[in-house]
Amino acid sequence: NTGSRGSAGANPSQHRAQGRNQSQAGCQPTADIKPYIYKKNKNSLSLFSPSKNVVQNGLSVYLSGMHITGQHMIALFLTFFSATPPEVYEALADFGYKSFRPGQELAIMRILSGLSTLVVLSTGMGKSLCYQLPAYLYAKRSKSIALVVSPLVSLMDDQVSGLPPKIKAACIHSNMTKNQREAVKEGKVHVLLLSPEALVGGGHAGSGCLPPADQLPPVSFACIDEAHCVSEWSHNFRPCYLRLCKVLRDRLGVRCLLGLTATATLATARDIAHHLEIQDEDGIAVRSAAVPPNLHLSVSMDKEKDQALVGLLKGDRFGSLDSIIVYCTRREETNRIAALLRTCMQGKMIRKPLKWIAESYHAGMSASQRRRVQNNFMCGELRVVVATVAFGMGLDKSDVRGIIHYNMPKSFESYVQEIGRAGRDGKSAHCHLFLDPEGGDLCELRRHIYGDTVDYFTVKKLVQKLFPPCKCRQINEKQQAVLKSPSSVHQHQEEEQNCNETQNVTRVCHTHERAVPIQETVEAHDITEEGIETILCYLELHPQHWVELLHPTLSSCHLVCYSGPQQLRAIAKICPPVAVALARKRLAGESLSHSSSVTFDVVELADSMGWELIPVKRTLRQLQWKTERGFRGTGKSGVLVEFSSLSFHFRSYGDLTHQEMDSICEFLHQRIQAQEKTQLYQLKACFKAFFSVAYHNSTSCSDKMDDDRSQKLKALLMNYFDKKAELDLSKKYEEDKEDCELSKYKLKDWGDQIRADIRSFLSTRNEEKFSGRAIARIFHGIGSPCYPALIYGKDRRFWRKYINFDFNEIIRIATEEIIRTK
Ligand SMILES: Nc1ncnc2c1ncn2[C@@H]1O[C@H](COP(=O)(O)OP(=O)(O)OP(=O)(O)O)[C@@H](O)[C@H]1O
């Protein structure tokens with residue numbers, strides 16, 4: 001048993017292709033759907049509509065008898081010469097619109113031509129039409145469906161009901177009725193909304209998964225909403241977004257992708273375009289100015305923020321505005337501020353139908369409470385919503401007139417996205433930000449950045465779990481020994497050793513299929529599921545492609561034979577996977593002669609047999625229904641087979657040298673640190689920009705405001721979004737010493753107190769194990785899987801106590817104290 005799949009001589013890329021095919025097993029890609037505006041072959045453009053002669057009066061007039069070569073030319077053509085076919089305008093009219101808004105037409109024409117496209121347009125500028133109209137036209141031409149991946153699961157139903165009546169849509173979730181599922185399969189809907197998890201699987205997908213590709217109508221294109229989540233350098237990276245591009249291509253055969261986002265710098269947009277495999281520069285079809293002109297921006301640095309907020313809301317600028325959102329970072333704060341406003345704004349009813357002054361909204365509230373607040377705000381009966389960022393995503397209220405940031409947002413991207421919820425009707429709207437002059441908000445926001453980072457030791461433990469050693473090298477050596485003379489074997493071994501020393505490793509192992517149980521790994525390493533997924537993504541994106549991610553799977557198989565041990569032995573004779581499972585147990589020293597059940601890792605088993613996972617699982621499942629001679633039962637065989645333990649599933653090497661393992665750990669650690677430093681730098685840059693335009697206090701802008709400052713802030717934002725800055729800003733952070741010096745100065749005065757608190761904390765919990773990072777997290781009020789806020793947050797003596805102090809310094813002191821107490 002080699003423990004390795006494929007022949008030792010196989011080329012790694014062939015092998016990867018094999019793995020890919022395997023991941024697609026059971027999922028036939030949908031029939032290749034033709035672009036609406038048809039490309040004759042990869043490099044030439046010829047336009048006609050197979051079903052109707054619609055494009056004849058449009059694009060093909062310019063093209064008759066002419067071929068344009070190259071993808072870039074196609075894009076250029078669409079940009080400069082194309083006349084949009086009348087059918088597209090007819091569809092626009094069907095949707096109730098008279099004309100296109102900037103950028104929509106180009107994006108729609110590209111999608112109809114089958115060209116992947118990225119659209120970066122401010123909130124409320126009409127990005128949704130860029131998928132709705134092509135989906136409608138494609139479905140009108142022939143039975144097809146457009147997939148729309150959206151992270152706003154809770155709002156999907158609202159999104160569906162808010163679509164133009166011409167569009168038939170459904171969303172995938174676990175409560176889908178049978179009829180709804182059937183309608184999707186029969187191609188009765190134009191658009192199918194789904195979460196990224198429903199597409200790629202994963203811990204939260206549950207039963208709300210996409211039906212297999214062969215049960216779906218052909219997919220015309222896929223739209224990825226909030227596409228910035230694809231870029232691992234973006235403010236909102238979601239690892240499953242990276243995998244979803246791959247899943248769309250490999251499992252569903254989707255060739256045309258449309259990315260939509262409201263916030264992406266030029267550098268991020270290029271990174272997203274790279275992931276969407278957009279070939280030509282014009283694929284980033286639209287990038288609009290960051291802040292719409294109808295928004296008036298101001299910033300102030302009041303010491304008494306509560307009073308200042310009330311004053312601002314009573315002043316001329318905000319006093320007459322109907323719909324206002326006040327954003328706070330913390331949930332508790334939203335409740336407090338809403339209560340404050342209700343008390344202080346009594347008697348300030350500005351018009352009749354208004355019933356409520358202020359209500360809070362955050363993710364900790366029940367769904368019905370949130371819905372009530374949202375509905376009251378939507379219909380204009382509630383004036384102010386005091387909310388965390390959970391409020392407003394996907395909110396289509398065109399007449400929000402004011403946005404107030406009670407705390408600083410975490411990035412320019414978040415700021416632009418949040419203020420973009422005001423004035424979507426194009427009428428003037430006001431936005432104000434309260435900046436804490438002492439930098440208190442900075443500390444609060446830094447917590448979230450530190451919460452995501454992982455230390456070197458944890459990275460190392462995880463790497464060992466992802467690349468367990470295999471026997472491929474020894475087996476290969478034995479094979480060589482059989483084939484060659486002893487002297488040549490010796491020479492071969494020497495050569496190999498040299499190769500390893502120079503890091504130029506000859507690969508013998510061609511990767512193994514592996515599964516790492518999600519929950520178990522989260523608990524063992526104290527990293528979130530997202531954190532582990534991010535690390536796996538970094539490894540897959542590495543130029544050496546250290547891992548290849550596959551669809552998450554249930555990896556543990558539990559087999560019970562109700563007729564006893566002899567039944568287990570009998571099925572081992574007829575079922576190779578069971579025979580191998582028992583043999584592997586015996587080799588590991590486990591005796592199963594009196595056992596009637598066995599539990600094993602089915603992924604590891606399939607890999608060791610050189611079988612594909614799906615047939616192994618199928619074979620095992622069938623054991624429950626076989627009625628072989630000697631088995632009792634009616635149709636059922638008396639065998640129970642259960643799969644459990646949802647696991648990350650991937651292919652990785654098993655013959656990595658120590659140097660390679662170390663370099664992988666080093667790479668991951670540096671990458672995680674670079675991400676942390678980049679985010680810290682961006683946070684600081686954000687603070688500095690707001691600081692540069694801030695009024696001393698809000699009274700200076702509560703009645704009238706200075707438009708120059710607003711323009712200056714818009715210019716700073718524009719510069720940020722249009723700059724071709726590098727994505728990794730960690731080096732810039734190193735240059736920015738100021739911040740560290742401030743923290744060290746404070747630490748000098750507080751060092752002894754912090755040490756005393758760490759000792760006191762350790763002594764009260766001496767039966768538990770802590771790392772320096774775990775203690776620093778608790779002192780910063782950051783919950784983690786093993787040290788949740790719900791439990792550790794109760795002890796107010798320590799929780800959040802040192803939030804204003806440098807996180808890494810606290811780790812250092814805590815580690816010293818842990819070592820001292822050992
Ligand atoms: N061509 C158009 N003409 C007139 N109105 C339009 C047009 N396109 C879109 N709209 C309207 O603009 C509003 C905002 O559109 P949409 O929700 O698509 O914006 P968005 O860019 O997706 O915003 P967000 O980023 O907040 O999701 C909607 O009410 C929509 O009906």
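Below is a summary of the structure that appears in this document. (Residues numbered from 1 in each chain as written. Predicted model: local features only at pLDDT ≥ 70, side-chain atom pairs only at ≥ 80, totals over all residues. Heavy atoms only, no water.)

Some points on the overall build of the chain
Scanning the chain from N- to C-terminus turns up 33 helices and 17 strands. In the chain, which comprises 822 residues, the proportion classed as buried is 56%. Nonlocal contacts in the chain, meaning residues at least 24 apart in sequence, comprise 77% of its contacts between residues at least 6 apart. Total accessible area on the chain stands at roughly 36900 Å², and carbon and sulfur atoms take up 51% of it. (Helix = DSSP H or I, 4+ residues; strand = E, 2+ residues; numbered from the N terminus. Buried < 20%, exposed > 50% of the residue type's maximum accessible area, 1.4 Å probe, protein only. Contact = heavy atoms within 4.5 Å. Areas by Shrake-Rupley, 256 points an atom, 1.4 Å probe, with all protein chains shown as cover.)

A short note on the site of the ligand
Lining the immediate surroundings of the ligand are 14 residues, of which Tyr97, Gly124, Lys127, Ser128 and Arg424 lie closest. Tyrosine 97 has a polar side-chain atom sitting 2.6 Å from an oxygen atom of the ligand. Between arginine 424 and the ligand, the recorded distance is 2.5 Å, taken from a side-chain N or O atom to an oxygen atom. Expressed as a share of its isolated accessible area of 640 Å², the protein-covered part of the ligand is 74%. Residue composition of the shell around the ligand, by class: 3 nonpolar, 7 polar and 4 charged. (Near = heavy atom within 4 Å. Polar contact = N/O pair within 3.5 Å; in protein donor to acceptor, adjacent residues only side chain to side chain. Nonpolar A, V, L, I, M, F, W, Y, C, P; charged D, E, K, R; others polar.)

Examining the sheet that holds strand S17 (residues 639-652)
The strands making up a sheet associate through backbone hydrogen bonding, with each pair oriented either parallel or antiparallel. Across the sheet, 4 strands lie side by side as S14-S17-S15-S16; this open sheet has antiparallel pairing. The outermost strands of the open sheet, each flanked by one partner alone, are strand S14 (512-517) and strand S16 (597-601). The mean inter-strand angle of the sheet, taken between neighbouring strand axes irrespective of direction, is 30 degrees. Pairing between S14 and S17: 6 bridges, direction antiparallel. Each residue of the ladder has a partner; that of valine 516, found in S17, is phenylalanine 648. Strands S14, strand S15 (547-561), S16 and S17 of the sheet are contacted by helix H25 (residues 602-609), whose axis makes an angle of about 75 degrees with S16. (Pairing = 2+ DSSP bridges. Axes fitted to C-alpha atoms, helices over the stretch in contact; angles between N-to-C directions.)

As for helix H11 (residues 266-275)
Burial within H11 is extensive, with 8 of its 10 residues counted as buried. For H11, the complete set of buried residues consists of Leu266, Ala267, Thr268, Ala269, Asp271, Ile272, Ala273 and His275. One or two positions beyond H11, positive phi appears at glutamate 277, with a value near 55 degrees.

Points about the nonpolar core
Membership of the largest hydrophobic core comes to 70 residues, with the highest contact counts inside it found for Leu199, Leu248 and Phe467. Looking at this core, the element that brings in the most residues is helix H10 (residues 239-250), giving 7 residues. Apart from the residues within four sequence positions on either side, leucine 248 is in contact with Leu147, Leu199, Ala222, Ile224, Gly253, Val254 and Leu257. (Core = buried A, V, L, I, M, F, W, Y, C linked by side-chain atoms within 4.5 Å.)

Points about the sheet that holds strand S12 (residues 402-405)
Taken together, the 6 strands give an open sheet; going across it, the order is S8-S13-S12-S9-S11-S10, and neighbouring strands pair in parallel fashion. Of all the strands in the sheet, the pair left with one neighbour each is strand S8 (295-300) and strand S10 (356-361). Recorded for the sheet is a direction-independent mean angle of 15 degrees between the axes of neighbouring strands. With 5 bridges connecting them, S10 and strand S11 (residues 382-387) associate as parallel partners. Opposite tyrosine 361, over in S11, you have alanine 387 as the bridge partner. The sheet contacts of helix H14 (residues 331-344) involve S10 and S11, and relative to S10 the element is tilted by about 175 degrees. Helix H16 (residues 412-419) contacts S8, strand S9 (324-327), S12 and strand S13 (429-434) of the sheet and is inclined by roughly 150 degrees relative to S12.

Examining the packing of aromatic side chains
Following the criterion strictly, the structure yields 24 aromatic pairs and no others. Arranged with centres 4.8 Å apart and planes meeting at 55 degrees, the rings of phenylalanine 412 and tyrosine 720 form a pair that is tilted. Taken together, the residues span a long stretch of sequence, with phenylalanine 412 in helix H16 and tyrosine 720 in helix H28 (residues 707-722) at a distance of 308 residues. Here phenylalanine 412 and tyrosine 720 have matching classes, each one buried. Taking the centre distance of 4.3 Å and the plane angle of 10 degrees together, the rings of tyrosine 450 and phenylalanine 807 count as stacked. (Phe/Tyr/Trp six-rings, centres within 6.5 Å; stacked < 30°, edge-to-face > 60°.)

Distances and angles like these do not, on their own, reveal function.
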